[in-house]
Amino acid sequence: MAACSWWDEAFGDLESDASVAGHVAANDNLIVFRSFGKFFGLAGLRLGFVVASRTIEDLFRDWLGPWSVSGPALAISAKLMEGDTLGIKVGIAERKAALDAVLLGAGLDVVGGTGLFHARRTRTGLRSSRGALRGSYPDAKVRLRSALAAYRIVTERAGRPSSRRGFEPDGCVVSAEILLILVMALLLDRVLGDPDWLWSRLTHPVVFFGKAVEFVDEALNRGEFTKAWLKFRGVVGILVLLAGATALGVVLARLFDVLGALGSLLEVVTVAVFLAQKSLADHVSRVAAGLRRDGLAGGREAVSMIVGRDPSTLDEPAVCRAAIESLAENFSDGVVAPAFWYAVAGLPGLLAYKMLNTADSMIGHKSPKYLHFGWASARLDDLANLPAARLSALLIAAGAYFRRGAEAAKTAIEVARRDHGLHRSPNSGWPEAAMAGATGVQLAGPRIYGGVKVDEPMMNDAGRAVAAIEDIEAAVTVFYAACSVMTFAFAAAALPLLLF
């Protein structure tokens, strides 16, 4: 019998006409191991089925006996594990010898790795796929490049283009598929935003998150307790909420994964729902439109939809400042942070972040009721927004460069570095100070929330003290340019993952 190449599950593809698996039925030299390990969710155990010629299938059946519809991979796992379902990765190197003996005894070479088998060189001359197991090997990127190269070789020999649909590079922090979905979601959100015709008929997912926060609040934040006990209850509450959001993200990710191209489309829509580019710009632009159309009263009414401060205390320059500050802060919270956490952790990361951000907005403030119960939510939200806040300042500077010139970009960076600490929030000061520098106006300063005056110094004290309608419009153009830079950056980051 000819030498056999065993290719691992990295070559699985849900589009059968472009998959290696569709071209090996009559090939005695190739076995393709298709994995559904991510769907079934047992870390380290790769379930699935083998696609091979009838001769090789018979070889497996002789060794394993009949197998169920779940395929020989599960049977091989059970055979090698000898009933050990908990220590999945323990002793694999020794147990794999049993299958090696069967294949080698039939004159086959074992090439590739699936978590059960280690790579060997093959006599056919093809490069071996080492596998790229999630977090299992320090050289995962090298293994991934080898797998991609081998994938291209095999698909080219089969006369098909090398498709990577459904391929997720295990061992990498982010994947090309995740980044491409994110880019498409950003573009979709940029064009459609949150259309009123849709959300007037459907309930927005964030509303359900809010109901979950209300439920936890009512269940745990009642009665007379000590400060420490209230903090503990708040910790338990937010952990329960985050666990639920993460679990929902895992379920959706696995569902979309098995739905192929339709699943990718649904994931694009899901991610877009949790972004706020167009809706944020629209709300802020309405403040400028309200001031132009109805004067101060129109501006106050429009700005009351996006800020928490008392609009009746705001004159026209203060209304303009409030709109610009809200645009900058929510660029970080509503655009950059969701995109960042989706890129890093997929749907589980995105939904967990949105749940945390929703909880912080509802129970993370320092009112008597939530000072201690909401402490954990507020601190975790500060931590989760730490990278996005810094990135948003850089993106605002980049947007200023393309819309207002190099000097505006330089000023945005300088003011962000110097004045971010003047804000009461450890994160909001970064994008707000950057936007102050980009637009050339002073932001922050004294303001009133719920009848309580917050006395803070002005950021960008060298800027213009009186903000105008034109400054709101300038901030929106910088905002859109910053969103474009971010989208381009994610697209550029996906390119090397696709090519190498």
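Presented here is an overview of the structure given in this document. Given the structure is predicted, the values throughout are model-derived calculations rather than measurements.

Structural notes on the nonpolar core
Right, on to step 1. Formed by 93 residues in total, the largest nonpolar core has its most connected members in Val 271, Val 287, Val 303, Phe 331, Ile 472 and Phe 490.
Right, on to step 2. The leading source of residues in this core is helix α13 (residues 316-363), at 24 residues.
Right, on to step 3. In this structure, Val 287 is in contact with Gly 299, Ala 302, Val 303, Ile 306, Val 319, Ala 323 and Ile 472, ignoring residues within four places of it in sequence.

Regarding helix α12 (residues 277-303)
Right, on to step 1. Between its first and last C-alpha, α12 extends only 17 Å over 27 residues, short of the 39 Å set by a 1.5 Å rise per residue.
Right, on to step 2. The largest bend in α12 comes to about 150°, at Asp 294.

Side note on the pattern of salt bridges
Right, on to step 1. Counting across every chain of the model gives eight salt bridges.
Right, on to step 2. When the shortest N-O distance is used, the salt bridge between Asp 419 and Arg 418 registers 2.9 Å.
Right, on to step 3. Connected through shared salt-bridge partners, Arg 292, Glu 470 and Glu 473 make up one network.

Overview of unusual backbone geometry
Right, on to step 1. In this structure, Ala 444 is a non-glycine residue whose phi angle is positive, near 70°.
Right, on to step 2. Note on placement: Ala 444 falls in strand β4 (residues 443-444).
Right, on to step 3. Phi is positive for Asn 460, which is not a glycine, with a value near 60°.
Right, on to step 4. Residue position: Asn 460 is located in the loop between β7 (458-459) and α17 (469-499).
Right, on to step 5. Judged by its relative accessible area of 5%, Asn 460 falls in the buried class.

Criteria and cut-off values
- Residues numbered from 1 in each chain as written.
- Predicted model: local features only at pLDDT ≥ 70, side-chain atom pairs only at ≥ 80, totals over all residues.
- Heavy atoms only, no water.
- Core = buried A, V, L, I, M, F, W, Y, C linked by side-chain atoms within 4.5 Å.
- Buried < 20%, exposed > 50% of the residue type's maximum accessible area, 1.4 Å probe, protein only.
- Helix = DSSP H or I, 4+ residues; strand = E, 2+ residues; numbered from the N terminus.
- Contact = heavy atoms within 4.5 Å.
- Expected span 1.5 Å × (residues − 1).
- Bend = angle between axes of the 7 residues up to and from the residue.
- Salt bridge = Lys/Arg side-chain N within 4 Å of Asp/Glu carboxyl O.

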